[in-house]
Amino acid sequence: MLEIQQLRTDLDTVTRQLAKRGYTFPAEAFNTLEAERKTIQTQTQELQAQRNAASKKIGNAKSKGEDVTAIMAEVAHLGDALKQAETQLEQIQNSLQKILLEVPNLPHDSVPEGKNEEHNQQIRRWGEPRQFDFTIKDHVSIGEGLGLLDFETATKLSGARFSLMKGGLARLHRALAQFMLDTHTQEHGYIETYVPYLVNQESLRGTGQLPKFEEDLFAVNAGGAENSTANHSPAFHLIPTAEVPITNMVRDEIVPLQSLPLKYVAHTPCFRSEAGSYGRDTRGLIRQHQFDKVELVHIVHPDQSYAALEQLVGHAEKILQKLALPYRVMALCTGDMGFSAAKTYDIEVWLPAQNTYREISSCSNCEAFQARRMQARFRNENGKPALLHTLNGSGLAVGRTLVAVLENYQNADGSVAIPEVLRPYMNGLDQLGRTGGE
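## A closer look at the nonpolar core
Consideration 1: Counting residues in hydrophobic clusters, the biggest one holds 54 residues, and the most contacted among them are Leu 172, Leu 176, Met 180, Leu 320, Leu 325, Ile 347 and Leu 432.
Consideration 2: Looking at which element gives the most residues to this core, the answer is helix 7 (residues 167–186), with 8 residues.
Consideration 3: Setting aside chain neighbours within four positions, we find Leu 176 in contact with Leu 323, Val 398, Thr 401, Leu 402, Val 405 and Leu 422.
Consideration 4: Ranked by size, the runner-up nonpolar core spans 32 residues in total, among them Leu 47, Ile 99, Leu 106 and Phe 339.

See the structure below:
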């Protein structure tokens, strides 16, 4: 959430910055509400002063033995008027808050300006795509050919955009997550966390998923479908990413300065409705309603957040380097960044069957945007509470990493070589064959 004082004092600059993101700020509605707020706030202050003055008159009159009936009636009238003004002021403040909750973060000055992914800028590349001397298969054909990837049964169980893995493929999926967790905790200094997969609405508002992106979430009603009515908000939502519960760990907290930075990692399933993505990536594991991700979160001093962003990206890159998977790092343009981000790098892994790079991690600095919504603060060098900066990134999306391994490590006979760093997690197995390595 943006600082409302910034909108009050420099609205033109804010609207220009937001326009770079393709967002039109409702300036007319904001200015109308602000004018009403100022008027009602002035009235409220005047009424408070009048009531205080009248209350003093009652005390003076009583001390002199005078009749205070008329003055008390005046105080009662002023009290009613004050209550009405305070109610109006609260309604206006709520309307302003509603506007603010829908406004995306301002882009950092270093973010390239552009409308969509075509305007993103490549920062660097690592590794060279493998040259195959046989016809390349995509991950679906590979997995189904091994008898280890079953979309038909998953559709029977749940519907479209779900998958079922068996045998060595399920184990390889698990191995990837364990390898990522071990790397981040043992080499990069993260604290491993196990977090709830169901969160309340306040948590989703804190990180920016609500109210704007409710259609992307799965709602869960305690007590079953009979409690799902227009008059009852869902008790929980399934997490779209572990960013939500991890970042909200500091909601309404004041973190001691000496505790910073905080670096957390968690492996969780993630649940997304994929609203608006119909027709995109309908084949395979790229875009699922349920998928696993290893999430990295930094909670840092504001002066350190951009150094932390570069560190975060490097940690995610290290996973791909250890797996020897070619990738590139892209700086997202203003029109392609997520709602809460001030700056984002995407890491895109090479997928041979698509002959292109696809996103496998998105690393963002949200600056104080989420912290302001959560009232997540630290006690600064002067001992005063100040807003933290929050960052998050995938380290990595497990399913998409599995896709990359299957396609980049495929063999002509349909088997898949196991990357060397994963073999200790696979009991020394060096390839997935038709038996699935069991």
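## Here we look at the sheet that holds strand 14 (residues 389–397)
Consideration 1: One open sheet holds the 8 strands; their spatial order is 1-9-10-11-14-8-7-2, and the pairing between them is mixed. Single-partner strands in this sheet number two, and they are strand 1 (121–126) and strand 2 (191–192).
Consideration 2: Judged from the 5 bridges that link them, strand 9 (residues 327–331) and strand 10 (residues 343–351) form a sheet pairing that is antiparallel. Bridging across to strand 10, Tyr 327 finds its partner in Val 349.
Consideration 3: Those strands touched by helix 10 (residues 305–322) are strand 1, strand 7 (262–271), strand 8 (290–300), strand 9, strand 10, strand 11 (356–365) and strand 14, and its axis lies near 5 degrees from that of strand 14.

## Things to note about the pattern of salt bridges
Consideration 1: Evaluation of the coordinates by the stated rule reveals 13 salt bridges.
Consideration 2: A salt bridge links Glu 3 to Arg 372, with the shortest nitrogen-to-oxygen separation between them at 3.5 Å. With Glu 3 in the segment before helix 1 (4–9) and Arg 372 in helix 11 (residues 369–374), this pair connects stretches of sequence that are 369 residues apart.
Consideration 3: Glu 102 is the salt-bridge partner of Lys 212, the closest N and O atoms lying 4.0 Å from each other. Of the two residues, Lys 212 is situated in the loop between helix 8 (201–207) and strand 4 (219–220) and Glu 102 in the loop between helix 4 (69–101) and strand 1; the sequence distance between them amounts to 110 residues.
Consideration 4: Among the residues examined, Lys 212 registers a relative accessible area of 34% and is labelled partly exposed.

## Examining the packing of helix 7 against helix 12 (residues 398–408)
Consideration 1: Between helix 7 and helix 12, the shortest axis-to-axis distance is 10 Å and the interhelical angle comes to 115 degrees. As helix 7 runs across helix 12, the sense of the crossing is right-handed. Contacts between helix 7 and helix 12 involve Leu 169, Leu 172, His 173, Leu 176, Ala 177 and Met 180 from the first element and Val 398, Gly 399, Thr 401, Leu 402, Val 405 and Leu 406 from the second.

## Thoughts on the sheet that holds strand 3 (residues 198–199)
Consideration 1: Here we have 3 strands laid out as an open sheet, ordered 3-5-4, and antiparallel in their pairing. With partners counted over all chains shown, the strands left at the sheet margins are strand 3 and strand 4, one partner each.
Consideration 2: Looking at chain direction, strand 3 and strand 5 (residues 236–238) are connected through 2 bridges and run antiparallel. The residue of strand 5 that forms the bridge with Leu 198 is Leu 238.

## Some words on helix 7
Consideration 1: Here helix 7 is 20 residues long and its end C-alpha atoms lie 28 Å apart, about the 28 Å a rise of 1.5 Å per residue gives.
Consideration 2: The complete set of buried residues in helix 7 reads Gly 168, Leu 169, Leu 172, His 173, Ala 175, Leu 176, Ala 177, Phe 179, Met 180, Leu 181, Thr 183 and His 184.

## Some remarks on the state of the cysteines
Consideration 1: Here the structure, examined in full by the defined rule, presents 0 disulfides.
Consideration 2: A disulfide-free cysteine, Cys 333 has its sulfur positioned 17 Å from the sulfur of Cys 366, the nearest such atom.

## Considering helix 2 (residues 11–20)
Consideration 1: Considered for burial, the residues of helix 2 that qualify are Leu 11, Val 14, Gln 17 and Leu 18. Each buried residue of helix 2 lies within a common arc of 130 degrees when the element is viewed along its axis, so the set occupies one face. Of the residues in helix 2, the exposed ones pointing more than 90 degrees away from the buried face are Asp 12 and Arg 16.
Consideration 2: Of the surrounding secondary structure, the elements contacted by the buried residues of helix 2 are helix 1 and helix 3 (27–63).

So, how was this worked out
- Residues numbered from 1 in each chain as written.
- Predicted model: local features only at pLDDT ≥ 70, side-chain atom pairs only at ≥ 80, totals over all residues.
- Heavy atoms only, no water.
- Core = buried A, V, L, I, M, F, W, Y, C linked by side-chain atoms within 4.5 Å.
- Buried < 20%, exposed > 50% of the residue type's maximum accessible area, 1.4 Å probe, protein only.
- Helix = DSSP H or I, 4+ residues; strand = E, 2+ residues; numbered from the N terminus.
- Contact = heavy atoms within 4.5 Å.
- Pairing = 2+ DSSP bridges.
- Axes fitted to C-alpha atoms, helices over the stretch in contact; angles between N-to-C directions.
- Salt bridge = Lys/Arg side-chain N within 4 Å of Asp/Glu carboxyl O.
- Left-handed = near helix turned anticlockwise from the far one by under 90°.
- Expected span 1.5 Å × (residues − 1).
- Disulfide = S-S within 2.5 Å.
- Arc of directions from axis to C-beta.

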